[in-house]
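A structural walkthrough
Here's the letter readout for the chains.
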Amino acid sequence: MRFNQSIGSRYLLILAHLGALLTVSFWATSFLSTKVLMEKGGFTPVEMYVYRFAVAYILLLCLTFRHIKSRNWKDEFTLFISGICAGSLYFITENYALRLTTAGNVSLLASISPLFTTFLMALVFRQKIQTGVLIGSGVAIAGVVCIILSNGASLEFRPQGDLLAIAAALCWAIYTIAVRRVIPLYTSLFITRKLFFYGVITAVPLLLIQHEPYHLHLLFDFSQPEYILNFLFLVMMCSVCAYLIWNEAMKKLGSVTANNYLYLQPPITMVAGYFFLGEKILLLGYIGCALVIGGLIVSDKWKGSIWFRKK
């Protein structure tokens, strides 16, 4: 019996790793669909966020309409913080950072979110930090730098935009820490639906005051199917499925291990750009991929000395 339980646990662990990889793949390729809608369709960053997650919320509501409220106000507040940190605050700070600094800076600074998560976990929960995690993260970040430079993006010092990009990374780390408390208490469907709800309602005021014209009608223009197809991909795969799988993966892997998979976003985006947009991959890009993968292996396998000890 114990042997069968051990096999089952190992199987679930493998599924969790595959789920985290699949989720990061969806998020990495979402940049391509977002690029089509924003550059060709003219959708603003706030429009993209509100339309995408509002539709995702309605779909999830249809699946969980019998369970609307959480058990108490403390859980509800935790979900509220998680929703704005993983939703409106994260996406809006990142999108506005792109207006004030280079895309390379945003890509690099957003990728340090796993490091923030590691340190916050250690400070808040007094958990272990192993040197392997820090060294592996450093190697992975070096790989991200190589990938950014291989795409011709620049790395410059622009304080306002850089601080916003760092704030976006910190928001995601806070979401990871906050949602950790409620993950064992509720289903992933319920948690994800709550995240989308609070993210959307806190972003709607920004949508209402935007000066640019709205582009919602393009999603109903079937003479240009590329808009609705890319939008549906963002809603179904990058929002609904991705967040559901991600929350399940965090249950099995833990917050730090799951978030380390975020380092794979730049290399996956690079490969997707090669196949779907015909973008070339230079030698520096291959080196970057190798460093990112190597950094993840080091983080997972190297069990070095401990910086913080749990009391």
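1. Thoughts on the overall build of the protein chain
In terms of regular secondary structure, the protein chain is built from 13 helices and zero strands. Listed N to C, the secondary structure of the protein chain is α-α-α-α-α-α-α-α-α-α-α-α-α in terms of helices and strands. With 311 residues in all, the protein chain has 50% of them scored as buried. In the protein chain, the proportion of contacts linking residues at least 24 apart, taken out of those at least 6 apart, comes to 88%. When the accessible area of the protein chain is evaluated, it comes to approximately 15,700 Å², of which 70% is carbon and sulfur surface.

2. Overview of the nonpolar core
Ranked by internal contacts, the top residues of the largest apolar core, which has 79 residues, are Trp172, Tyr175 and Trp246. Trp246 has contacts with Ala20, Thr23, Val24, Trp27, Trp172, Tyr175, Ala258, Asn259 and Leu262, leaving out every residue within four places of it along the chain.

3. Overview of the environment of Leu109
Among the secondary structure elements, Leu109 is positioned in helix H5 (residues 103-110). In this structure the C-alpha to C-alpha distance between Leu109 and Ile166, which are 57 residues apart in sequence, comes to 5.6 Å. Once residues within four sequence positions are removed from consideration, Leu109 is found in contact with Asp162, Ala165, Ile166 and Ala169.

4. Comments concerning the packing of aromatic side chains
By the definition in use, this model includes 20 aromatic pairs. Taken together, the aromatic side chains of Trp27, Tyr49, Phe53, Tyr90, Phe91, Trp172, Tyr175, Phe196, Tyr243 and Trp246 make up a single cluster linked through ring pairs.

5. Brief notes about the side chain of Glu94
As for its position among the elements, Glu94 is in helix H4 (residues 88-100). Arg52 is the oppositely charged side chain nearest to the buried, salt-bridge-free Glu94, at an N-O distance of 8.5 Å. Filtering out sequence-adjacent residues up to four positions away, Glu94 remains in contact with Val106, Ala110 and Ala168.

6. Things to note about the packing of helix H3 (residues 73-86) against helix H9 (residues 188-208)
Contact geometry of H3 with H9 gives a least axis separation of 7 Å together with a crossing angle of 65°. Note that H3 runs across H9; the crossing there is right-handed. For the pair formed by H3 and H9, the contact residues are Glu76, Leu79, Phe80, Ser82, Gly83 and Ile84 on the first element and Phe190, Ile191, Lys194, Leu195, Tyr198, Gly199 and Thr202 on the second. For the contact of H3 with H9, the class distribution of residues is seven nonpolar, four polar and two charged.

7. Notes on the environment of Met38
Locating Met38 in the fold gives a position in helix H1 (residues 2-40). Here Met38 is in contact with Phe43, Thr44, Pro45 and Met48, once residues within four sequence places are set aside.

8. Some remarks on the pattern of salt bridges
Close approach of charged atoms allows side chains with opposite charge to pair. Taken as a whole, this structure holds four salt bridges when the rule is applied. A salt bridge links Asp75 to Arg181, with the shortest nitrogen-to-oxygen separation between them at 2.7 Å. Separated by 106 residues along the polypeptide, Asp75 in helix H3 and Arg181 in helix H8 (residues 159-182) bring together distant segments of the chain. The buried category is assigned to Asp75, whose relative accessible area is 3%. The exposure class assigned to Arg181 is partly exposed, which follows from its relative accessible area of 34%. Here Glu248 makes a salt bridge to Lys251, at a shortest N to O gap of 3.3 Å. Placement of both Glu248 and Lys251 in helix H10 (residues 225-253) is noted, with a separation of three residues, approximately one turn of the helix.

9. Observations regarding the confidence of the model for the protein chain
Per-residue confidence for the protein chain averages 83 on the pLDDT scale, and 90% of its residues sit at or above 70. Of all the helices and strands in the protein chain, H5 carries the lowest mean pLDDT, 69, while H3 carries the highest, 94. Low pLDDT, under 50, characterises residues 305-311; the predicted model gives this stretch 19 contacts beyond four residues in sequence or across chains.

10. A word on H9
The terminal C-alpha atoms of H9, which comprises 21 residues, lie 30 Å apart, in line with the 30 Å expected from a rise of 1.5 Å per residue. Along its length, H9 reaches its greatest deviation from straightness, about 30°, at Thr202, and the proline Pro205 lies no more than four positions downstream.

11. Quick notes on H4
In a regular helix each residue adds 1.5 Å, so 13 residues correspond to 18 Å; H4 covers 18 Å between its end C-alpha atoms and thus fits that length. Restricting attention to buried positions, one finds in H4 the residues Ser88, Tyr90, Phe91, Ile92, Thr93, Glu94, Asn95 and Ala97.

12. With respect to a nonpolar patch on the surface
Together, Tyr11, Leu12, Ile14, Leu15, Leu18 and Leu21 make up an exposed nonpolar region whose accessible area comes to about 550 Å². Within the element layout of this structure, Leu18 appears in helix H1.

13. Description of the side chain of Ser239
Note on placement: Ser239 falls in helix H10. Here Ser239 falls in the buried class, since its relative accessible area comes to 0%. Reaching out from Ser239, the side chain makes a polar contact with the side chain of Arg52 at a distance of 2.7 Å. One polar contact links the side chain of Ser239 to the main-chain carbonyl oxygen of Leu234, over a distance of 2.9 Å. Dropping the residues within four chain positions of it, Ser239 is found in contact with Arg52, Phe53, Ala56, Phe196 and Leu234.

Quick notes on the rules
Residues numbered from 1 in each chain as written. Predicted model: local features only at pLDDT ≥ 70, side-chain atom pairs only at ≥ 80, totals over all residues. Heavy atoms only, no water. Helix = DSSP H or I, 4+ residues; strand = E, 2+ residues; numbered from the N terminus. Buried < 20%, exposed > 50% of the residue type's maximum accessible area, 1.4 Å probe, protein only. Contact = heavy atoms within 4.5 Å. Areas by Shrake-Rupley, 256 points an atom, 1.4 Å probe, with all protein chains shown as cover. Core = buried A, V, L, I, M, F, W, Y, C linked by side-chain atoms within 4.5 Å. Phe/Tyr/Trp six-rings, centres within 6.5 Å; stacked < 30°, edge-to-face > 60°. Lys, Arg positive; Asp, Glu negative; His and termini not counted. Salt bridge = Lys/Arg side-chain N within 4 Å of Asp/Glu carboxyl O. Axes fitted to C-alpha atoms, helices over the stretch in contact; angles between N-to-C directions. Left-handed = near helix turned anticlockwise from the far one by under 90°. Nonpolar A, V, L, I, M, F, W, Y, C, P; charged D, E, K, R; others polar. pLDDT = per-residue confidence, 0-100. Expected span 1.5 Å × (residues − 1). Bend = angle between axes of the 7 residues up to and from the residue. Patch = residues over 30% accessible without salt bridge, like charges linked within 9 Å, V, L, I, M, F, W, Y side chains within 5 Å. Polar contact = N/O pair within 3.5 Å; in protein donor to acceptor, adjacent residues only side chain to side chain.

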